[in-house]
Amino acid sequence: MIYLDSAATSFLKPPETARAVTGAMARFASPGRGIYGPAMDAAETVYRCRETAASLFHLPDPTRVVFTMNATHGLNVAIRSVVRSGMRVLVSGYEHNAVVRPLAALGAEMLIVDTPPFDTQAFLCGFEKKLDKADAVVVTHVSNVFGFILPVREISALCGKRGIPWILDAAQSAGSLPVDFTALGAEFIAMPGHKGLLGPQGTGLLLCRGDAEPLLYGGTGSMSDSLSMPESLPDRLEAGTQNVCGIAGLLAGMEYVQRRGVDQIRAREGRLSRTLIRELEQLGTLRVISGPEQNQAGVLSVIPVRGSCEELASRLWEQGVAVRSGLHCAPLAHETAGTKKTGTVRLSVSPFNTEAEIYETVRIIKKIMQNNYIL
Ligand code: PLP
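What you see is a predicted model; the values in this text were computed from it and never measured.

## Some thoughts on the sheet that holds strand S8 (residues 204-208)
Next, step 1: Sheet architecture is open: seven strands sit in the order S2-S8-S7-S6-S5-S3-S4, paired in mixed fashion. Here the strands that pair on one side only, and so sit at the sheet edges, are strand S2 (65-68) and strand S4 (109-113). Strand-to-strand twist across the sheet, computed as the mean angle between neighbouring axes with direction ignored, equals 20°.
Next, step 2: As defined by bridge partners, strand S3 (residues 88-92) adjoins S4 across five bridges and the pair is classed as parallel.

Written as structure tokens, this is what we have:
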């Protein structure tokens, strides 16, 4: 199989991740719930995972790293902590349903910066124009449909100048692009553990600056005689027994990312996606939606000039290439880019893909399109 769906989850992972998960199942009891060996060993691994995340994302205090079950969980906590019903929330036109559905459920009014993909100047101009009307901001770092890298440093400066709280969805950037919590000044940064951080599914991280409202209430192993959740992090947001096996795997994934280096991963994914874009453009049978190197991540959308996206994706899978077709849980991104009617075929790379796999994928697509397999 050639796996080109890493934007959904990092199916390709270092072997250490699975080893850490199975090792944890054999060795760990509940962290923070006992002073005996297996409970203390679990607590030590959980804390090491917080420390590793704090170092990777530049947080001075590891206790402000909170474990979640995925990016969606973290985004729900962040949004409920910052946004109240009736607030006006400025979002990019590239948000995932993990952002727009919680905002809609809360009764927030969304102000949308619906400028074309890869036009950073137009985005910043539209963003600044609407910012004065906003009570809060939620933006994705990278569009999960087009790989458009949003200008988060400028967004941070604009929000900081006006004192407007903002939340970053780093679902497509954590592990693949530098994310600096201290420099960005966001109230919250939410991310999955199972994509670029190379951990198992069922893991995620929420980096917290501001006061946080719990989504779940329950036991934390601390302040047990109080009816209220503890005020301090991470306990305030971590009710119930944690996913220690997942956290052990996430630690192994993040250690791999640290060893290899985010800059090196970004460079490799950049090389692979540039090759893919160049070769697919030459076919002339697909519309390739891409941007300049500096704001294109390793996620790419294409639309076949003939036939449907679903058909192309299923023909590719018949030949052993795993890609995704449709709206990718981000209908807003398609509305913004004008691709809602067709959806797109999304190809997304990881640091474990090779140039040979990219050329083989292009060869297969060429054959599918040439042979009129697609009607
Ligand atoms: N935000 C973006 C930009 C995403 O791409 C995704 C997942 O694809 C999510 C949020 C939700 O992530 P998770 O599935 O970990 O909840």
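## Some details on the layout of surface pockets
Next, step 1: By volume, the largest pocket is sized at about 440 Å³.
Next, step 2: What lines the largest pocket is a set of 17 residues, among which His141, Ile149, Leu150, Val152 and Arg153 lie closest to the centre.
Next, step 3: Broken down by element, the lining of the largest pocket gets its largest block of residues, four residues, from helix H6 (residues 152-162).
Next, step 4: Class assignment of the residues belonging to the lining of the largest pocket gives a composition of nine nonpolar, five polar and three charged.
Next, step 5: What the second largest pocket holds in volume is close to 370 Å³.
Next, step 6: Every residue lining the second largest pocket is counted, 26 residues in all, and those nearest its centre are Ala71, Thr72, His96, Ala98 and Lys195.
Next, step 7: Counting only elements with at least two residues in the lining of the second largest pocket, the list comes to helix H3 (71-82) and helix H4 (97-106).
Next, step 8: Among the residues forming the lining of the second largest pocket, the class breakdown is eleven nonpolar, ten polar and five charged.
Next, step 9: For the lining of the second largest pocket, the domains that each give at least three residues are domain 1 (2-10 + 261-370) and domain 2 (15-260).

## Focus on the side chain of Asn353
Next, step 1: Among the structural elements, Asn353 can be located in the loop between strand S13 (344-348) and helix H12 (355-370).
Next, step 2: At a separation of 3.1 Å, a polar atom in the side chain of Asn353 contacts the main-chain carbonyl oxygen of Tyr3.
Next, step 3: A polar contact is formed between the side chain of Asn353 and the backbone nitrogen of Ser350, at a distance of 2.9 Å.

## Some details on the domain arrangement of the protein chain
Often, the extent of an interface is quoted as the loss of accessible area upon association of its parts.
Next, step 1: You can read the domains of the protein chain as domain 1 (2-10 + 261-370) and domain 2 (15-260).
Next, step 2: A straight line from the C-alpha centre of domain 1 to that of domain 2 covers 26 Å.
Next, step 3: Opposite the 39 residues of domain 1 that make contact, domain 2 presents 37 residues.
Next, step 4: Both faces combined, the contact of domain 1 with domain 2 buries some 2900 Å², and carbon together with sulfur accounts for 58% of it.
Next, step 5: At the surface where domain 1 touches domain 2, the tally comes to zero salt bridges.
Next, step 6: For the pair domain 1 and domain 2, the number of links is 21 residue pairs in polar contact (both at pLDDT 80 or more).
Next, step 7: Put simply, the parts of the chain that give the side of domain 1 that touches domain 2 at least two residues each are helix H9 (262-283), strand S10 (299-304), helix H11 (331-337) and S13.
Next, step 8: Ranked by residues supplied to the side of domain 1 that touches domain 2, first place goes to H9 with seven residues.
Next, step 9: For the side of domain 1 that touches domain 2, the class distribution of residues is 18 nonpolar, 16 polar and five charged.

## Re the pairing of strand S7 (residues 188-192)
Next, step 1: Most of S7 sits out of view: five of its five residues are buried.
Next, step 2: Going residue by residue along S7, you find Phe188, Ala190 and Pro192 tucked away on one face and Ile189 and Met191 tucked away on the opposite face as well.
Next, step 3: Pairing of S7 with S8, which is carried by five bridges, proceeds in the antiparallel orientation. Within S8, the position partnered with Met191 by the bridge is Leu205.

## A closer look at the site of the ligand
Next, step 1: Residues in contact with the ligand amount to 14 residues; listed here are only the nearest, Thr72, Asp169, Gln172, His194 and Lys195.
Next, step 2: A distance of 2.7 Å is found between an oxygen atom of the ligand and a side-chain nitrogen or oxygen belonging to Gln172.
Next, step 3: For the ligand, an oxygen atom lies 2.5 Å from a polar atom in the side chain of Lys195.
Next, step 4: Alone, the ligand offers 390 Å² of accessible surface; in the complex the protein occludes 90% of this.
Next, step 5: When atoms are counted within 2 Å of each cavity's grid points, the one that captures over half of the ligand is the second largest pocket.
Next, step 6: The residue inventory of the shell around the ligand, partitioned by class, reads five nonpolar, seven polar and two charged.

## Focus: the side chain of Ser10
Next, step 1: By the secondary structure assignment, Ser10 is in the loop between strand S1 (2-3) and helix H1 (15-27).
Next, step 2: Ignoring sequence-local partners within four residues, the contact set of Ser10 consists of His194, Lys195, Leu198 and Gly199.

## Description of the pattern of salt bridges
Next, step 1: Under the definition given, this model contains 15 salt bridges.
Next, step 2: With its nearest N and O atoms 3.9 Å apart, the salt bridge here joins Arg48 to Glu44. Note that Arg48 and Glu44 are positioned in helix H2 (residues 37-56) at a spacing of four residues, about one turn of the helix.
Next, step 3: Where Arg236 meets Glu231, a salt bridge forms, and the shortest distance between an N and an O atom there is 4.0 Å.
Next, step 4: Within the structure, one salt-bridge network assembled from shared partners comprises Glu44, Arg48 and Glu255.

Quick notes on the rules
- Residues numbered from 1 in each chain as written.
- Predicted model: local features only at pLDDT ≥ 70, side-chain atom pairs only at ≥ 80, totals over all residues.
- Heavy atoms only, no water.
- Pairing = 2+ DSSP bridges.
- Helix = DSSP H or I, 4+ residues; strand = E, 2+ residues; numbered from the N terminus.
- Axes fitted to C-alpha atoms, helices over the stretch in contact; angles between N-to-C directions.
- 1 Å grid on protein atoms, 1.4 Å probe; cavity = no way out; pocket = protein on both sides within 12 Å on 5 of 7 lines; lining within 4 Å.
- Points joined across faces, edges and corners; volume = space filled by probe spheres on them.
- Nonpolar A, V, L, I, M, F, W, Y, C, P; charged D, E, K, R; others polar.
- Domains from an automatic or database assignment.
- Polar contact = N/O pair within 3.5 Å; in protein donor to acceptor, adjacent residues only side chain to side chain.
- Contact = heavy atoms within 4.5 Å.
- Buried area = accessible area lost by both parts, 1.4 Å probe.
- Salt bridge = Lys/Arg side-chain N within 4 Å of Asp/Glu carboxyl O.
- Buried < 20%, exposed > 50% of the residue type's maximum accessible area, 1.4 Å probe, protein only.
- Near = heavy atom within 4 Å.
- Areas by Shrake-Rupley, 256 points an atom, 1.4 Å probe, with all protein chains shown as cover.
- Sits in = over half its atoms within 2 Å of the grid points.

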